[in-house]
Amino acid sequence: MGESMQGLHRSHRCTEVSSQNIGQEVTVMGWVQKRRNLGSLIFIDLRDRTGILQIVFDGDEIGQEGFAKAELLRSEYVVAVTGAVQKRSAAVNENLKTGDIEVIAKSLRILSESETPPFPIEENSQTKDELRLKYRYLDLRRPDLQRNLMMKSKAMSVIRRFMEQEGFLEIETPILQKSTPEGARDYLVPSRIHQGRFYALPQSPQLFKQLLMCSGFDRYIQIARCFRDEDLRADRQPEFTQIDMELSFVDVDDVIDVNERLLQCMWKECLDVDIKLPLPRMSWQEAMDRFGSDKPDTRFGMELVDVSDLAEGCGFGVFTGALEQGGSVRGINVKGQGAMPRKKIDKLVEYAKGCGAKGLAYLCVNPDGTYKSSFAKFLTEERLHEIVQKMGGEPGDLLLFAADKNKIVWNVLGALRLEMGKQLGLIDENSYHFLWVTEFPLLEWSDEENRYMAMHHPFTMPMEEDWDKIDSDPGKVRAKAYDIVLNGTELGGGSVRIHRNDIQEKMFEVLGFTKEKAWENFGFLLSAFQYGVPPHAGLAYGLDRIIMHMVHAESIRDVIAFPKVKDASDLMSQAPDVVENKQLEELGIAILSPDLKSN
């Protein structure tokens, strides 16, 4: 049974007490982290969200009744203590913010008792994720997770303050909205009043923020909840938070400018790290050619090198076959790894196959300058030497090559480069390498759909100088699109939007929409575009991804209070769950049994 708070007021949080308070009486409240009973003295570490404060119970100070109560204390009991602050009687604990002081208790109230927790409440818990997430309310008592969420709160505060000063208005957009194609899978919400019809939860506020520009609000910001019914990965959740913005009367440079200063402000205020502006920029084509990725990690080298010109007509079927199919031959130089055992190289080949490669060719430059290679017998000594030179190969280096369609070669070598960077410890985990990737392709071909798809979304403005290729060579048209990348992770992306009806209609045509279908799906936006629409552009960040990088979390779950697991379920609340038949009847919904589903 717990005691009441009646007449008691907390004077300080645990680490708000300092040596400045020596001699003063304070009232602190929190959870018992641990208790040490030395017979005549009892010590407890009292924990709240700010940290730990040592409390000392001495029978002479608190009386026998109070001391007996202190003997009952166990881990996770919630207590209120009033006492005097004094200098620590024992050695100072350098690891604690309050390590030079303690509180000599004069009164104790046990506000709430606790059962023994299913796992210890400690930093960097080794407890299995499943158990931690089942008891997430206990897991969230861990100081490292609390610091993560406090950092997220601080970041949101900094964002709002900065954007307000830049003239942005915070405006909410609907959560229940119309389902539209051209994106990830929607979460659908059935309508009770309009039976057989469904709302969709927003994947992003895209159409509404464009409408706000049509409405003349000029600059919009929202820290918005978004939903995507897609397969999860380490950095994905079915519901997540976006920092969503849209600006009127701007072009690419204007959006990049305000966002660079936002990032600089966040890193300075949240981490006290200085970010130097302007941030580097790289075209999509250059990023793919140099790093095999549209979100390159630029903290280390090992860049891709195109050796297609030297592989042409070389007699090695793997190389020449790829080139005949319109592909390329590219490689990376893994410096100093020429003596890598064959077994380890075979593992890299398997890794490459897992990324879509048919295989991986290798060449070791021996210390004496000779070569050991999987394809040396097909090439002249002179041609081999030229390839090694182009790759910057020196004695002791390992050169790895992929040959296939460009998309596969980029994917394989990009992934292999990151894997080798990790294995060889080439990545400085404490550095922040920001990069803008610009000039994305407007469209990408989908074999599945047998048509062009919008690489970003159907409202992305093409680069004016490429628009004349839209019929003859649509794949070559670049977009006014840009992504902000940090250490190999895409933090956010955006584009200049189409504000001209003729371009928008042509875009829908290229994407395979009839005029009727376009109006059916996006009629409210197209209608608004008939009434004077300003040139506008925007960008959206994944807030959770940003915080992940700020706190160096390994999983996005560590920066979300109540996350879902890989199958999009919540182990704590047991969502999703069955609902009563009465609710389904009100919605006009019948559930197909598993047997019927397969028919």
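Before reading further, recall that the structure is shown in the block above.
Residues numbered from 1 in each chain as written. Predicted model: local features only at pLDDT ≥ 70, side-chain atom pairs only at ≥ 80, totals over all residues. Heavy atoms only, no water.

(A) Representation of the overall build of the protein within the structure. Each helix and strand in the protein was counted, giving 17 helices and 22 strands. Each of the three principal axes of the protein carries a C-alpha extent, and together these read 95 × 75 × 60 Å. Per-residue burial for the protein yields a buried fraction of 48% across its 599 residues. Once local pairs closer than 6 in sequence are excluded, the contacts in the protein between residues at least 24 apart make up 67%. Working note: accessible area of the protein is about 30,400 Å², and carbon and sulfur atoms make up 49% of it. (Helix = DSSP H or I, 4+ residues; strand = E, 2+ residues; numbered from the N terminus. Buried < 20%, exposed > 50% of the residue type's maximum accessible area, 1.4 Å probe, protein only. Contact = heavy atoms within 4.5 Å. Areas by Shrake-Rupley, 256 points an atom, 1.4 Å probe, with all protein chains shown as cover.)

(B) Structural view of the packing of aromatic side chains. Within this structure, the stated rule accounts for 18 aromatic pairs. Centre to centre, the rings of Trp284 and Trp410 are 5.8 Å apart; their planes meet at 85°, and the pair counts as edge-to-face. Residue Trp284 is found in helix α7 (residues 284-291), and its partner Trp410 is found in helix α12 (residues 406-423); the two are separated by 126 residues along the sequence. Both residues of the pair, Trp284 and Trp410, count as buried. Between the aromatic rings of Phe316 and Phe319, the centroid separation amounts to 4.7 Å while the plane-to-plane angle is 70°, which identifies the pairing as edge-to-face. Lying across the ring of Phe300, Arg417 places its NZ or CZ 4.0 Å from the centre. (Phe/Tyr/Trp six-rings, centres within 6.5 Å; stacked < 30°, edge-to-face > 60°. Lys NZ or Arg CZ within 6 Å of the ring centre and 35° of its normal.)

(C) Broad picture of helix α14 (residues 515-528). The end-to-end C-alpha distance of α14, which contains 14 residues, comes to just 16 Å, noticeably less than the 20 Å that a straight helix rising 1.5 Å per residue would cover. Those residues of α14 that fall on the buried side of the exposure criterion are Ala518, Asn521, Phe522, Gly523, Leu525, Leu526 and Ala528. Its buried side turned inward, α14 meets α5 (206-214) and α13 (501-510). (Expected span 1.5 Å × (residues − 1).)

(D) A look at the sheet that holds strand β11 (residues 281-283). Overall, mixed pairing links the 8 strands, which are arranged β6-β9-β10-β22-β21-β20-β17-β11 in an open sheet. Strands at the two margins of the open sheet, each flanked by one partner only, are β6 (169-170) and β11. Packed on one face of the sheet, helix α4 (residues 143-165) meets β6, β9 (219-227) and β10 (239-248) and runs near 150° to β9. Relative to the sheet, α5 contacts β9, β10 and β22 (536-542), its axis offset from that of β10 by approximately 25°. (Pairing = 2+ DSSP bridges. Axes fitted to C-alpha atoms, helices over the stretch in contact; angles between N-to-C directions.)

(E) Representation of the side chain of Gln206. Within the fold, Gln206 resides in helix α5. Side-chain polar atoms of Gln206 contact the side chain of Gln210, separated by 3.0 Å. (Polar contact = N/O pair within 3.5 Å; in protein donor to acceptor, adjacent residues only side chain to side chain.)

(F) The sheet that holds strand β3 (residues 51-58), seen in detail. Reading around the barrel, the 5 strands line up as β1-β2-β3-β5-β4 and close back on themselves, with mixed pairing between neighbours. On average, each strand axis in the sheet is tilted by 55° relative to the strand beside it, whichever way the strands run. Pairing between strand β1 (residues 25-37) and strand β2 (residues 41-48): 6 bridges, direction antiparallel. Within the sheet, the bridge partner assigned to Arg35 lies in β2 and is Ile44. Contacting β1, β2, β3 and β5 (101-112), helix α1 (residues 59-71) crosses the sheet at an angle of about 40° to β5.

(G) Spatial organisation of the environment of Ser374. Examined against the element boundaries, Ser374 turns out to sit in the loop between β15 (371-373) and α11 (381-390). Given the relative accessible area of 32%, Ser374 is considered partly exposed. Note: C-alpha distance between Ser374 and Ala361 (13 residues apart in sequence) is 6.0 Å.

(H) Representation of the pairing of β3 within the structure. A large share of β3 lies buried, amounting to 7 of its 8 residues. One ladder, built from 8 bridges, connects β2 with β3; its direction is antiparallel. Its bridge partner being in β3, Ile42 is matched across the sheet by Phe57. Joining the antiparallel neighbours β2 and β3 is a turn of 2 residues. Relative to β5, β3 is paired through 2 bridges, and the arrangement is parallel. When the bridges of β5 are listed, Val56 appears paired with Ile104.

(I) How the structure looks around a nonpolar patch on the surface. There is a patch of nonpolar side chains on the surface, built from Ile175, Leu176 and Tyr199 and spanning about 250 Å² of accessible area. With respect to the helices and strands, the residue Tyr199 is situated in strand β8 (residues 198-200). When its relative accessible area of 33% is taken as the criterion, Tyr199 is described as partly exposed. (Patch = residues over 30% accessible without salt bridge, like charges linked within 9 Å, V, L, I, M, F, W, Y side chains within 5 Å. Salt bridge = Lys/Arg side-chain N within 4 Å of Asp/Glu carboxyl O.)

(J) Structural view of the pattern of salt bridges. Scanning the model with the defined rule gives 52 salt bridges in all. With a closest N to O distance of 3.7 Å, Glu25 and Lys106 form a salt bridge. Here Lys106 lies in strand β5 and Glu25 lies in strand β1, a separation of 81 residues in the sequence. What makes Lys106 partly exposed here is its relative accessible area of 40%. Connected via shared salt-bridge partners are Asp129, Arg132, Arg136, Asp139, Arg142, Asp144, Arg557 and Asp558.

(K) The nonpolar core, seen in detail. Counting 106 residues, the largest nonpolar core has Met245, Met266, Trp267, Leu400, Phe434 and Tyr541 as its most contacted members. For this core, the element with the most residues is helix α6 (residues 252-271), which contributes 10 residues. Not counting the four nearest positions on each side in its chain, Trp267 is found in contact with Asp272, Val273, Ile275, Tyr432, Phe434, Leu486, Ile546 and Met550. Residues Leu46, Leu53, Phe57 and Leu108 belong to the second largest nonpolar core, which totals 24 residues. (Core = buried A, V, L, I, M, F, W, Y, C linked by side-chain atoms within 4.5 Å.)

(L) Layout of the pairing of strand β14 (residues 361-365). Of all the 5 residues making up β14, 5 are buried; the element is thus mostly covered by neighbouring parts of the structure. Of the two faces of β14, both are covered, the one formed by Ala361, Leu363 and Val365 as well as the one formed by Tyr362 and Cys364. Relative to strand β16 (residues 398-404), β14 runs antiparallel, the two being bridged by 4 bridges. Bridging from a neighbouring strand, Leu363 pairs with Leu399 of β16. Inspection of the sheet shows β14 paired to β15 by 3 bridges, in the antiparallel sense. Paired with Leu363 across the two strands is Ser373, which belongs to β15. The loop that links β14 with its antiparallel partner β15 comprises 5 residues; one of these, Gly369, has a positive phi angle of about 90°.

(M) Layout of the environment of Gln20. Mapped onto the elements of the fold, Gln20 is located in the segment before β1. Here the alpha-carbon distance between Gln20 and Gln86, two residues 66 residues apart in the chain, equals 10.0 Å.

(N) Local environment of α4. If you check α4, its first and last C-alpha atoms are 33 Å apart, about what 23 residues at 1.5 Å a residue would give, namely 33 Å. Those residues of α4 lying buried are Asp144, Leu145, Asn148, Met151, Lys152, Ala155, Val158, Ile159, Phe162 and Met163. Buried positions along α4 lie against α2 (129-134), α3 (136-139), β9, β10, α6 and α15 (543-551). Residue Gly167 follows α4 closely and has a positive phi angle near 90°.

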